Each structure stands twice: as structure tokens, then as C-alpha cells.
Amino acid sequence: MTWYLVRRTGQAVAVVIGVMILTFILLHMEPGSVARAVLGLKATPARVAIFDDTYGLNKPLYAQFAIYLNQLFHGNFGISYQVQQPVSTLIAQALPRDALLVGLSTVLALIIGVPTGIYQAVHHNELVDDVVSGTWFTLYSAPDFLEAFLLIALLCVQFHIFEPNFPGGITSVAGILTNWRALVLPVLVLSINSVANFSQYARSTAIQVLASDYIRTARAKGLPRRLVLRRHVLRNSLLPVITLLGLSLPGIVAGAVIAESIFNFPGMGLLFWRSALAHDFPVMLGATLIIGVATVIGNLLADIAYAVLDPRIRYGNS
């Protein structure tokens, strides 16, 4: 197990470095002038030259990357072109809010998805199983922005239950929780696709578990159905869901970019969206690096949790 963790940690570091290099190259391959995108099309050549010299944009790409690596080693993510603030400060402000949004949506998806999947497995090949599967797959297939607009049209415009946009000027998690009504719709949008994934994976595993010999033995011994489901089926159904949880983190974060942009939620997604529109490379690089690290850590924790839940797995020999 120790050697497995060391090997997986090395792979995680390599993945993060690869993501950082690839993102840096792709961003700097964008057509057009960054200086004119930030300063405006009417900026004079002298101002453009000063901007490029200040941020090292007039240097070769490898030299710019070397400067960026040196900044990272000193804990410096750079300065935002747009707002002239340290990128680390902007990320530190947005990350707790984003963690709250993604955390709430993931917990809600698990609470709904796993029991729903087990319920479908118990009623396998019945009408209720087909109806629930069809419903979740329909919602899963719909784009996030379409679901967001439909919820706004129904719950905000038609019935005036929730607010369509998050109030501006909120800088703390406590402020977000105070305005919890504006938090409901972003959480719902991010939860919908995850519920479909979690429920169907839990359903498939639960069907296999219900057909296994030890479940038949437990039933033959007279164990109550509820106890069998809770003690055996639920625990084994969580194994693929936990693995999927780590792998689904990039998709959840990508959905957060869309949801936060539509609902004006002050998180990492909105920060990344605005920086992309403004060609603010330091913010985009910093946000991508944080998201990449979070994704790798999520996958690693999922692997560890999988080993804890299923002691039969021997990672040391794999």
C-alpha cells in the first residue's frame, strides 16, 4: 500500500506538471495581442510595448515559461492584468465559495443518486426502474446552460420563488449562506448531471450484489431485507460511486464555470470566465493549476477510499 501511494503521488505530480505546460502553451497560442485585449484596441504602440515589457510578453515562449516557473517556486502566481491584484489573492477569495457550491451540489447528488440507484436495483426491470432511468438520462443529456435557463424561467420568472442572480458584493462564505435562496439554483444545476452518474453506477453495482451468493445466504438466514440492503448492498454499491466521485470532479468544475457565469456566483468558475474574456493569462493559469491539483488529489483520495472499503484489493501487487 505504501509503494502504491508513492507511485500514485509521483504520477499525480507528473500530471499536474503536464497540465501546467499544456495550458501555458495553449493560452499563449491564442491569436491576437494580449496587450490590446487588456488595454483596448485604441491603445498606442508605446503603451502596448510598455505592457509587453512589464509582463515579459515580448520574450520567447520558453523564457516566459521559465519566468512563470520561477514565480511558482516562490509561491507567486503572478499579477492579474485586468484588476492589478495578485492572482493568489483572487483565488484565495474565490476558492472557499467555490468549494461550498461544489461541495453542496456533490453531497446533494450523492444523497439523491445512491439511494435512487439501489431502489432501481431492487425494482430491476419494473416500470419504475425504466421511468427513473429515462428521467435521469434525459436530464443528464441536457446542457447545463439549458437547465439553468429553464429553472430561471420556471422558478424565478413564473413563480418568483428564487432569485435569478446572486447578489453582488458578497465576499465571504457566511454572506453566501445568508443569501441561501440565491444558492439553490446553482446547486441544483450542478447536482442534476452528477445524480444521473451516481444513481446509474450504484444501480449497476447493486444489481450484481443482489444476485451474489452471500446475499442469498443472508436472506436464507432470515436477515431482514432492510438490514441486507444497508449492511451489504449499500456498502458495496458505494465502491464505484467513490471512484466516480474523484473522476467526475473535472466535469463538476466545468459545470461550475457555466452555472456561476449564469447565476453570477462569486466563485472560481466566474473568476475563470471573466479572466478568459479579458485574456487575463495569469488568472487563467493559476485557476487551471488549482483545478488540476484538486482533480489529482480527488482521484488519489478516491483510490485510497476504494482500498479502505474493499480490503480484498491489493494495490501493492498491482
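Residues numbered from 1 in each chain as written. Predicted model: local features only at pLDDT ≥ 70, side-chain atom pairs only at ≥ 80, totals over all residues. Heavy atoms only, no water.

(A) A look at the overall build of the chain. In terms of helices and strands, the chain carries 14 helices and zero strands. Listed by position from the N terminus, the elements making up the chain come as α-α-α-α-α-α-α-α-α-α-α-α-α-α. In terms of its C-alpha atoms, the chain occupies a principal-axis envelope of roughly 85 × 60 × 35 Å. Counting over 318 residues, the chain shows a buried share of 43%. Relative to all contacts within the chain whose residues are 6 or more apart in sequence, the contacts with residues 24 or more apart total 72%. Only carbon and sulfur atoms are counted for the fraction: they give 67% of the accessible area of the chain, which is about 16,900 Å². Charge centroids of the chain, computed over 20 positive and 15 negative side chains, lie 10 Å from each other. (Helix = DSSP H or I, 4+ residues; strand = E, 2+ residues; numbered from the N terminus. Buried < 20%, exposed > 50% of the residue type's maximum accessible area, 1.4 Å probe, protein only. Contact = heavy atoms within 4.5 Å. Areas by Shrake-Rupley, 256 points an atom, 1.4 Å probe, with all protein chains shown as cover. Lys, Arg positive; Asp, Glu negative; His and termini not counted. Charge placed at Lys NZ, Arg CZ, Asp CG, Glu CD.)

(B) The pattern of salt bridges, seen in detail. In this structure the tally under the stated criterion is one salt bridge. With a shortest N-O distance of 2.9 Å, D129 and R203 are connected by a salt bridge. Placement of the pair is D129 in helix α6 (residues 127–141) and R203 in helix α9 (residues 180–210), with a sequence separation of 74 residues. Exposure class is identical for D129 and R203. Each is buried. (Salt bridge = Lys/Arg side-chain N within 4 Å of Asp/Glu carboxyl O.)

(C) Region of interest: the packing of aromatic side chains. Evaluated as defined, the whole model comprises six aromatic pairs. Measuring from centroid to centroid gives 4.6 Å for Y55 and Y81, while their planes differ by 65 degrees, and the two rings are edge-to-face. In this pair, Y55 sits in the loop between α3 (45–54) and α4 (61–73) while Y81 sits in the loop between α4 and α5 (87–122), placing the two residues 26 residues apart along the sequence. Of the residues examined, Y55 reaches a relative accessible area of 23% and is grouped as partly exposed. When the ring of F145 is compared with that of F149, the centres are 6.3 Å apart and the planes differ by 65 degrees; the resulting orientation is edge-to-face. Taken together, the residues F145 and F149, both in helix α7 (residues 144–158) and four residues apart, mark about one turn of the helix. Accessibility expressed as a relative area gives 42% for F145, which makes it partly exposed. Through pairs of rings, three or more aromatic residues link up here, namely F24, F65 and Y68. Over the ring of W180 we find R181, and its NZ or CZ is 5.9 Å from the ring centre. (Phe/Tyr/Trp six-rings, centres within 6.5 Å; stacked < 30°, edge-to-face > 60°. Lys NZ or Arg CZ within 6 Å of the ring centre and 35° of its normal.)

(D) Representation of α7 in the model. The terminal C-alpha atoms of α7, which comprises 15 residues, lie 20 Å apart, in line with the 21 Å expected from a rise of 1.5 Å per residue. Most pronounced at I152, the bend in α7 amounts to some 25 degrees. Considered for burial, the residues of α7 that qualify are D144, E147, A148, L151, I152, L155 and C156. Note on α7: the residue one or two positions beyond its end, H160, has a positive phi of about 55 degrees. (Expected span 1.5 Å × (residues − 1). Bend = angle between axes of the 7 residues up to and from the residue.)

(E) The arrangement of a nonpolar patch on the surface in detail. Together, V13, I17, I21, L22, I25, L26, M29 and L61 give the surface a local cluster of nonpolar side chains, amounting to about 710 Å² of exposed area. Per-element tally for the nonpolar patch: the top contributor is helix α1 (residues 2–28), with six residues. (Patch = residues over 30% accessible without salt bridge, like charges linked within 9 Å, V, L, I, M, F, W, Y side chains within 5 Å.)

(F) Representation of the confidence of the model for the chain. Per-residue confidence for the chain gives a mean pLDDT of 82, with 92% of residues at or over 70. Mean pLDDT across the secondary structure elements of the chain bottoms out at helix α11 (residues 225–247), with 75, and peaks at α7, with 89. (pLDDT = per-residue confidence, 0-100.)

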